[in-house]
Amino acid sequence: MKKRHWFICCTICTLILLLGFSTIAQAASTQSKINALTTDANTYCQPFADRQTLGTPVQKILYGEPAAYALQYPQTDHAALDESIRHAVRQICNSFAQQTHPADPSERIPNSVLYLSYESYRTENICSISFQETRVTEGSSITFSNWHTYLFDWESGAVLSSSDIFRDSYRQKAADAVILDLTEDPVYGRVLFGDYRTLLAPENGRFDTFALTDDAVIFYFDKYELLPGSYGALRLELSRDVFAGSFLTDEVPALPQETSAESAAPEEPNGPVSEENASETSTRVLSADKPMVALTYDDGPSPTATNAILDVLEEYAVVATFYDVGYRVAQYPEVVAREAALGCEVASHSYDHKDFCQLTAAQIREDVQKTAEAFAKAGVQPTAFRPPYGNTNATVQATIPLPIVTWSVDTMDWKTRNADSILQSIRAEGNLDGKVILMHGIYDATAEATEQLVPELLQQGYQLVTVSELISLRHGETPAAGKLYGYSYFQ
Ligand code: NI
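Thresholds applied
Residues numbered from 1 in each chain as written. Predicted model: local features only at pLDDT ≥ 70, side-chain atom pairs only at ≥ 80, totals over all residues. Heavy atoms only, no water. Donors = N, O, S within 2.8 Å, 3.2 Å for Na, K, Ca; no water. Helix = DSSP H or I, 4+ residues; strand = E, 2+ residues; numbered from the N terminus. Buried < 20%, exposed > 50% of the residue type's maximum accessible area, 1.4 Å probe, protein only. Polar contact = N/O pair within 3.5 Å; in protein donor to acceptor, adjacent residues only side chain to side chain. Expected span 1.5 Å × (residues − 1). Arc of directions from axis to C-beta. Contact = heavy atoms within 4.5 Å. 1 Å grid on protein atoms, 1.4 Å probe; cavity = no way out; pocket = protein on both sides within 12 Å on 5 of 7 lines; lining within 4 Å. Points joined across faces, edges and corners; volume = space filled by probe spheres on them. Nonpolar A, V, L, I, M, F, W, Y, C, P; charged D, E, K, R; others polar.

Engineer: Even after reading the chapter, I still don't get the coordination of the nickel ion, so can you show me in this structure?
Structural biologist: Ideal geometry at a metal centre: 109.5 degrees between donors when four sit tetrahedrally, and 90 or 180 degrees when six sit octahedrally. Those donors, Asp299 (OD), His349 (NE2) and His353 (NE2), are the protein atoms that reach the nickel ion, and they lie 2.1 to 2.2 Å from it. Donor residues binding the nickel ion come from one chain and are separated in sequence as D-x49-H-x3-H. Linking Asp299 in the loop between β10 (292–298) and α9 (305–316) with His353 in the loop between β12 (345–348) and α12 (361–377), this pair joins segments that are 54 residues apart in sequence. The residues Asp299 and His353 share a single accessibility class, namely buried.

Structure representation (structure tokens):
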């Protein structure tokens with residue numbers, strides 16, 4: 001269902017701009033300079049024309065020494081809305097003027113041009129306008145392109161914010177979906193800046209602005225923000241389905257509310273696993289001779305999906321293993337505490353999912369330290385490490401102070417995001433005795449699959465065990481730090 005369109009404000013466009021600029025610089029008269037700007041403004045970023053679905057485009061050329069503006073913005077038949085749009089354009093121009101012509105003459109950037117184009121949408125009473133600002137400076141080969149995205153009320157022209165449209169839960173959904181798209185993209189996944197998870201963390205405000213269409217939510221990223229400059233500015237269109245349940249207009253399902261109330265219940269979320277829960281765990285009777293399988297969930301915790309999975313485990317009094325990422329442990333310590341309280345094995349999946357084969361031993365140690373601090377704050381000590389992407393090498397094994405665990409059955413849940421496909425991939429494995437099943441604790445579809453999977457496995461006579469239990473019961477071994485427990489081990 002997910003529709004994806006990447007837009008790159010292409011290098012060709014930049015070339016046109018640069019060539020256009022030299023034309024301006026050499027032009028003899030102001031009139032010819034204005035003509036040159038008009039030509040550039042007409043030709044640049046043509047792809048926008050198809051996305052100007054609200055009002056009619058107005059073009060304005062303001063030629064001043066030493067800065068110039070070539071502006072394009074929509075005009076509608078709504079006076080209040082038009083006033084808000086013009087106000088937004090003035091704001092963008094003012095900030096450009098302040099930055100290129102500050103009070104200190106030595107900091108001024110002479111001969112700079114601001115080109116402004118836009119895309120616009122209307123769905124019901126919500127108007128979205130995303131201005132793309134491109135800055136060109138004479139003598140510099142670097143162009144900047146930034147987005148300025150606004151939401152307006154069609155009737156009143158009032159500026160709307162994300163909280164007029166979405167519940168808070170949409171930020172986590174946006175972060176998960178955008179990170180997945182970027183990391184799984186064969187091109188962008190390789191060149192993403194290392195701190196992308198920090199930038200895209202739900203609380204960092206990066207999802208506060210967006211455009212809304214009848215069937216999509218569009219997020220915009222500036223040039224140099226996530227990718228090297230040669231990739232230009234980015235535009236990512238996600239299906240509205242991704243945000244189901246998060247629109248203010250959606251019905252609130254009763255269950256997740258109960259879940260969140262429940263997860264808030266532990267009185268000492270930072271405390272150690274309570275005695276009561278520990279004894280509850282120890283009442284599970286396991287037999288080395290009976291078939292056993294370990295369910296594992298990576299990339300969490302998520303307050304919605306992980307809690308839904310924990311609800312199922314609690315209902316059937318069974319356990320699983322969670323390989324949590326440190327930055328999310330720091331965000332949702334209460335979910336991690338609940339995993340431990342239910343007797344599940346809680347393990348590390350690194351701080352922010354870097355490929356450990358690309359890291360030095362010092363960088364790995366730094367990651368281990370940061371992750372350990374996040375877990376310590378949640379009152380839980382990770383028992384094992386699962387390397388992101390399952391990538392490990394001699395340096396990783398020599399440096400990680402925990403047993404290194406991968407899996408033997410891959411459900412591809414991150415890709416299909418469909419409960420039936422997840423169940424199908426597990427059923428297709430046949431005999432699951434001794435196997436470790438890889439899933440991800442952040443998808444609603446995975447939680448949905450778990451709801452069917454747990455009773456199905458119990459019905460088939462499997463004991464659901466943690467990975468450490470599997471290693472000790474089936475292999476008679478105590479998991480050892482730095483040792484790899486991988487595909488062939490769990491056969
Ligand atoms: Ni992962």
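Still to come is the rest of the account.
Engineer: Can you help me understand the environment of Asp164 in this one?
Structural biologist: Inspection of the secondary structure assignment puts Asp164 in the loop between β6 (159–160) and α4 (169–184). Exposure remark for Asp164: the relative accessible area of 44% places this residue in the partly exposed category. For the pair Asp164 and Leu151, spaced 13 residues apart in the sequence, the C-alpha separation amounts to 9.7 Å. Within the local environment of Asp164, its side chain forms a polar contact with the backbone nitrogen of Ser161, the two atoms lying 2.8 Å apart.

Engineer: Looking at this model, I keep getting lost on α12. Mind explaining?
Structural biologist: Think of an α-helix as turning once every 3.6 residues; residues three or four places apart then point the same way. In a regular helix each residue adds 1.5 Å, so 17 residues correspond to 24 Å; α12 covers 25 Å between its end C-alpha atoms and thus fits that length. Restricting attention to buried positions, one finds in α12 the residues Ile364, Asp367, Thr371, Ala374 and Phe375. For α12, the angular spread of buried residues about the axis comes to 95°, placing them on one side. Away from its buried face by more than 90 degrees, α12 exposes Arg365, Glu366, Ala376 and Lys377. Residues of α12 that are buried make contact with β11 (321–324), α10 (326–331), α11 (333–341), β12 and α13 (394–399). Phi turns positive, to about 75°, at Gly379, one or two residues after α12.

Engineer: Even after reading the chapter, I still don't get empty space enclosed by the protein, so can you show me in this structure?
Structural biologist: Over the atoms a probe the size of a water molecule is rolled, and this reveals where empty space is left. Taken as a whole and judged by the stated rule, the model has one cavity of 30 Å³ or more. If you add up the space inside the largest cavity, you get close to 30 Å³. Around the largest cavity, the lining residues are Glu345, Thr383, Ala384, Pro403, Val405, Val467, Ser468, Ile471 and Pro479. Here the lining of the largest cavity takes three residues from helix α17 (residues 467–475), the largest share from any one element. For the lining of the largest cavity, the residue count by class is six nonpolar, two polar and one charged.

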